[in-house]
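# Structure at a glance
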Amino acid sequence: MIDKNLVSSVVAEVLQKLRENGVNPTGMPTGACSAVPAQTQFGVYEKMEDAIDAAQRSYKMLCKQGVAARRKAVACIRRLAVENAEPWGKMEFEETKIGKLAHKIEKLRSCIPVVPGVEYLDRTAFSGDAGLTVIDNTPWGVIGAITPSTHSVPTLSGNAINMIAAGNAVVFNTHPGACRIAAHAIRAYNEAIYKEIGIPDLLACVKKPTLESFDAMCKSPLVRLLCVTGGGAVVKAAMNSGKRAICGGPGNPPVIVDETADLAKAARDILAGAAFDNNLLCCGEKEVFVVESVADQLLAEFDKLKCVRLTREQMDAVVRECFLPYDGKGYPHPKKEFVGKDAAVIAKAIGLSVPADTEMLFGETDADHQLVQGEQMMPVMPIVRVPCWKAAIKAALQAEHGFRHTSVMHSKNVDRLTEMAQRCDTTLFVKNGPSTAGLGLGGEGFLSFTIATPTGEGVTTPMTFTRSRRCVMVEALNLY
Ligand code: NAD
């Protein structure tokens, strides 16, 4: 008597083993698979353990297929992000209800193609009397990544490009408020990658991310490195996990404007960075310190833009209505329901009606105002008068809270710019431009939505997700 269940489980196991070894059981050449592997859910799983196992199997397959396969996978992600910028941008906007639709689309269409891939990998060799040593940058394996609500698909896409280019697979614990679109994009990326190179789960996630799934990710021995993009709580949790964690943490980027600056340009640049996606960018301008002698002129320049000036009382009202009660411990925080909302929505909350296309509210406050000290993530810009540029640097450093994230200065005086560059100690320091120039958007350089601040890796690249390994041949293979 043949046990049918036993036969089918043996067949399934054999097929799986073949796939794990890079052999396509359909008989078609690897790289052109059409049959769907039995076990795969193309990256979207109920349980974190299953997501990690799937990512691990795909990591092994990627190892066998080499750098050419990584390049193809990265190309799939870049292509799909552009092709789907509009529908995915819309889905993310509808799910999260924060930011601006046009900017959600722009982040996928214009930003993801310039995230560095395989071309960014480096290696070093030493040749001499003692032989030949090669230092190469190799994958970790499966990386556990935590993504924010503020840029769900952009962050996971950028992480995916960086991490796969370096030869890894990734398992994501996405933000619960942006997990549907994240899972949708992960599945689409995997299906495209599978068609191209026959690997189904280089990106994996759980359908419903929770603190428990985060915990399972941190505890899994298969997850060898963590990458966090989020606020202070998750950075702390990842750092306490006992695993190495690359963390993009919170910021509160100050802007200094001195009396030598081009004030019209400074106002335009501040608006461009701060109003992008309704101030959701972690590197976006959050408060301005302007030298007293040009403060009125700077305020007048904002009046000429799509901005509405608030009185001091109205700036206080924004805090009353849109911030959580603050007891002086830690830093002030906005209420979730106002994060990333349009300027008109915030104005309405304080009983003010402004044109629907208002890009930013702005107004004068003191330096200790909650809008200055808290990471507001709303298009409301507090402007603080300071007596001189030295006082501006002092106040800016205080407001940045040592996050070492981003700061901006508008000045034509090189000595002052140099002093700020040295003292601010931020990961990004942008001179005479919008904060977004620090991500290569209108400034030189490359882009990633993970700016590793407390752990010091900076704007992440494929090299961030490699292990440096040295291979030494003694007294042979040297070239001279
Ligand atoms: P968030 O901190 O609320 O969430 C980020 C992620 O962490 C989510 O996936 C969330 O589910 C998870 N999380 C939160 N608390 C956790 C905990 N205690 N344990 C485990 N997981 C936890 O942030 P958000 O509102 O989605 O994003 C905004 C914050 O992220 C801002 O502070 C912003 O500055 C920061 N951010 C930083 C970068 C960077 O690259 N440095 C980029 C984007 C956003």
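Residues numbered from 1 in each chain as written. Predicted model: local features only at pLDDT ≥ 70, side-chain atom pairs only at ≥ 80, totals over all residues. Heavy atoms only, no water.

## Here we look at the environment of C282
Its place among the elements puts C282 in the loop between helix 9 (263-275) and strand 10 (287-291). Sequence separation between C282 and G117 is 165 residues, and the spatial gap between their C-alpha atoms is 23 Å. With sequence-adjacent residues up to four places away left out, C282 is seen in contact with H151, G251, P253, E375, H405 and I451. (Helix = DSSP H or I, 4+ residues; strand = E, 2+ residues; numbered from the N terminus. Contact = heavy atoms within 4.5 Å.)

## Comments concerning the site of the ligand
Taken together, 28 residues surround the ligand, and among them T147, S149, G231, E375 and I451 come closest. Measuring from an oxygen atom of the ligand, one finds a backbone N or O atom of F449 at 3.4 Å. Considering the ligand on its own, with 840 Å² of exposed area, one finds that the protein chains cover 86% of that surface. Taken together, the residues of the shell around the ligand break down into 12 nonpolar, 15 polar and 1 charged. (Near = heavy atom within 4 Å. Polar contact = N/O pair within 3.5 Å; in protein donor to acceptor, adjacent residues only side chain to side chain. Areas by Shrake-Rupley, 256 points an atom, 1.4 Å probe, with all protein chains shown as cover. Nonpolar A, V, L, I, M, F, W, Y, C, P; charged D, E, K, R; others polar.)

## A closer look at the state of the cysteines
Here the structure, examined in full by the defined rule, presents 0 disulfides. Not part of a disulfide, C247 finds its nearest cysteine sulfur in C227, a span of 7.8 Å. Counting only cysteine sulfurs, C322 is the nearest neighbor of C307, a cysteine outside any disulfide, at a range of 17 Å. (Disulfide = S-S within 2.5 Å.)

## Overview of the nonpolar core
In this structure, W88, I164, V171, Y189 and L202 are the most contacted members of the largest nonpolar core, which totals 84 residues. Y189 has contacts with I77, L80, A81, W88, V153, L156, S157 and L203, leaving out every residue within four places of it along the chain. Of all hydrophobic cores here, the second largest spans 42 residues; its members include I256, V294, V408 and C424. (Core = buried A, V, L, I, M, F, W, Y, C linked by side-chain atoms within 4.5 Å. Buried < 20%, exposed > 50% of the residue type's maximum accessible area, 1.4 Å probe, protein only.)

## Notes on helix 9
Since one α-helical turn is 3.6 residues long, residues separated by three or four positions face the same way. Look at helix 9: 18 Å from first C-alpha to last across 13 residues, which is about the 18 Å you get at 1.5 Å a residue. Among the residues making up helix 9, those that are buried are L263, A266, A267, D269, I270, L271, G273, A274 and A275. If you check the start of helix 9, you find a side-chain oxygen 3.4 Å away from the backbone N of A264, and it comes from D262. With its phi angle positive at about 55°, D277 sits one or two positions after the end of helix 9. (Expected span 1.5 Å × (residues − 1).)

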